Amino acid sequence: MGDGQSIHIWDDPWLPRPNSFQPFIRRDGAPTLVRELLLPELSWNSDFIAQWFEPEDVALILSIPLNQRSIPSASNPSPIVETWKRIWNAGIPGKVKVHMWKVCASILPTVAQLRTKRIWITDGCVFCNDGDESIHHVSRDCSFVHAMLRKVPSLSSVISSSSDYQASMLDWLSHSMQTISSELFDFLLYLLWAVWKERNQRVWNGKNLDLEQLFFQAASSFSLFTSLHPGRSPKIKRASAPLGASSDRNFVSYLLVIEALPGKAACAWAVEFNQSPNIFESDCLQLVNSLKSEEEDHSMIGRVVDDILVHLTSIPSSFFQHVYKESNLEAHKLAKLALYSNVFANWKGSIPSTIRSLVASYCNTSSH
Ligand SMILES: [Zn+2]
């Protein structure tokens, strides 16, 4: 059994994040072992974790389910880490990976999930009218999902093994990944995502594809994707970022990461709203250069670079371009505004009145 005894927070891949599987920023005096983050009864010590990690990392850590099988341990390489790695390195679009991550982290907004937050929408499963649309149901156990997977004869073993892993999607995927080829595993993930996409079409847009149409569409877009991304060789665990012993150097690295993170946030936004093509402007020259380079980035921002590259795979024709700070003043003002007003906002369509003048002045400067 693993209990996090020897997992190293800063050297071992343990977080469900592409591609580094590690937290972003190390602060002086931070704990070094995962077990230090646990309470005696083996639950996450969330207050303590919040003191040492960035909010995004805190959310990731707390999303890792703690049960005896899934707590990472170095002696018994955790199935959770191995399966995460495999999913994040799969030859599938970033949005499919993010979907599978939500499934495994039990945060997919199904009807049953929404009910726990007292949000009520339609009743039951849109495919089979089963009363409870749980994450397991819509992602694996529904008869519609089975019918979809049965279209691929070599997936039959995967379907029949699902009853052995009722409680855990991750354990099931972990088992499946060992029993089928990697291409087939990618296709499996893609099909499961396609069902979820169809589910959303039915719930939110009242549109219906039948099983044949959906399978045909999924299979052809999957093969198109793989033909456009031939031999996407999975990235193997990177060497850990060199961390300076002096706190000065840590601080400089810290600033660099802060400069790079908005680029990642912008990409995530574009992926979420399916916006492409995009030109992302950043005044962080190191970030822009590193994204263009074929070389792996071993600096502090390497992990951010990896995340952005994953996002870019699902927003075609988008790229980063360097701009000088002077021509990016409005962006800095916006960032400051967000900092002080303590809100996180994004919008589409009409611009919120509080920032309209800033955006207008940005558009004017950039048209020169
Ligand atoms: Zn169903």
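This text goes with the structure placed above it.
Remember, it's a predicted structure, so these values are computed and weren't measured experimentally. (Residues numbered from 1 in each chain as written. Predicted model: local features only at pLDDT ≥ 70, side-chain atom pairs only at ≥ 80, totals over all residues. Heavy atoms only, no water.)

## Observations concerning the packing of aromatic side chains
On inspection of all chains with the given rule, the structure shows eight aromatic pairs. Among the aromatic side chains, those forming a connected cluster through ring pairs are Phe187, Tyr190, Trp193, Phe215 and Phe222. If you follow Arg140 out to its NZ or CZ, it ends over the ring of Trp172, 5.3 Å from the centre. (Phe/Tyr/Trp six-rings, centres within 6.5 Å; stacked < 30°, edge-to-face > 60°. Lys NZ or Arg CZ within 6 Å of the ring centre and 35° of its normal.)

## Some words on the pairing of strand S1 (residues 279–282)
Only one face of S1 is covered, namely the face carrying Phe280 and Ser282; the face carrying Ile279 and Glu281 is uncovered. The sheet contact formed by S1 and strand S2 (residues 319–322) spans four bridges and is parallel. Within the sheet, the bridge partner assigned to Ser282 lies in S2 and is His322. (Buried < 20%, exposed > 50% of the residue type's maximum accessible area, 1.4 Å probe, protein only. Helix = DSSP H or I, 4+ residues; strand = E, 2+ residues; numbered from the N terminus. Pairing = 2+ DSSP bridges.)

## With respect to helix H2 (residues 55–63)
Taken as a whole, H2 has its buried residues at Asp57, Val58, Leu60, Ile61 and Ser63. For H2, the elements touching its buried residues are helix H1 (46–52) and helix H4 (94–104). (Contact = heavy atoms within 4.5 Å.)

## Considering helix H11 (residues 211–228)
Its 18 residues give H11 an end-to-end C-alpha distance of 26 Å, which sits within 8% of 26 Å, the value for a rise of 1.5 Å per residue. Buried residues of H11: Leu214, Phe215, Ala218, Phe222 and Phe225, and no others. Down the axis of H11, the smallest arc covering the buried residues is 100 degrees, so these residues share one side. Relative to its buried face, H11 has exposed residues pointing more than 90 degrees away, namely Phe216, Leu224 and Leu228. In this structure, the buried residues of H11 make contact with helix H7 (143–150) and helix H10 (182–205). (Expected span 1.5 Å × (residues − 1). Arc of directions from axis to C-beta.)

## A few points about the coordination of the zinc ion
Looking at the metal site, the zinc ion is ligated by Cys125 (SG), Cys128 (SG), His137 (NE2) and Cys142 (SG), spaced 2.1 to 2.3 Å from it. For the zinc ion, the four donor atoms are set out with angles of 103 to 116 degrees between them, so the coordination reads as tetrahedral. Ordering the donors of the zinc ion by residue number gives the pattern C-x2-C-x8-H-x4-C. In this pair, Cys125 is assigned in the loop between helix H5 (111–116) and helix H6 (135–141) and Cys142 in the loop between H6 and H7, connecting sequence segments 17 residues apart. Accessibility assignment for this pair places Cys125 and Cys142 in one class, buried. (Donors = N, O, S within 2.8 Å, 3.2 Å for Na, K, Ca; no water. Tetrahedral: all angles 85-135°; square planar, octahedral: opposite > 155°, others 65-115°.)

## Looking at the nonpolar core
Core analysis: the largest hydrophobic core is formed by 65 residues, its most contacted members being Trp14 and Leu188. Not counting residues up to four positions away in its chain, the partners in contact with Leu188 are Leu149, Leu155, Val158, Trp172, Leu173, Ser176 and Ile180. Counting 18 residues, the second largest nonpolar core, distinct from the first, contains Cys267, Leu291, Ile301 and Ile315. (Core = buried A, V, L, I, M, F, W, Y, C linked by side-chain atoms within 4.5 Å.)

## Concerning the environment of Asp11
Within the secondary structure, Asp11 is located in the segment before H1. Using a relative accessible area of 33% as the deciding quantity, one classes Asp11 as partly exposed. Along the backbone, Asp11 and Leu33 are 22 residues apart, and their C-alpha atoms lie at a distance of 9.6 Å.

## Quick look at the packing of H10 against H11
Where H10 contacts H11, the axes come no closer than 10 Å and their chain directions differ by 130 degrees. Taken together, the axes of H10 and H11 lie oblique to each other. In this structure, H10 crosses over H11, and the sense of that crossing is right-handed. On H11, the residues that touch Glu183, Asp186, Phe187, Tyr190, Leu191, Ala194, Val195 and Glu198 of H10 are Leu214, Phe215, Ala218, Ala219, Ser221 and Phe222. Class assignment for the residues of the contact of H10 with H11 results in 10 nonpolar, one polar and three charged. (Axes fitted to C-alpha atoms, helices over the stretch in contact; angles between N-to-C directions. Parallel < 35°, antiparallel > 145°, perpendicular 65-115°, else oblique. Left-handed = near helix turned anticlockwise from the far one by under 90°. Nonpolar A, V, L, I, M, F, W, Y, C, P; charged D, E, K, R; others polar.)

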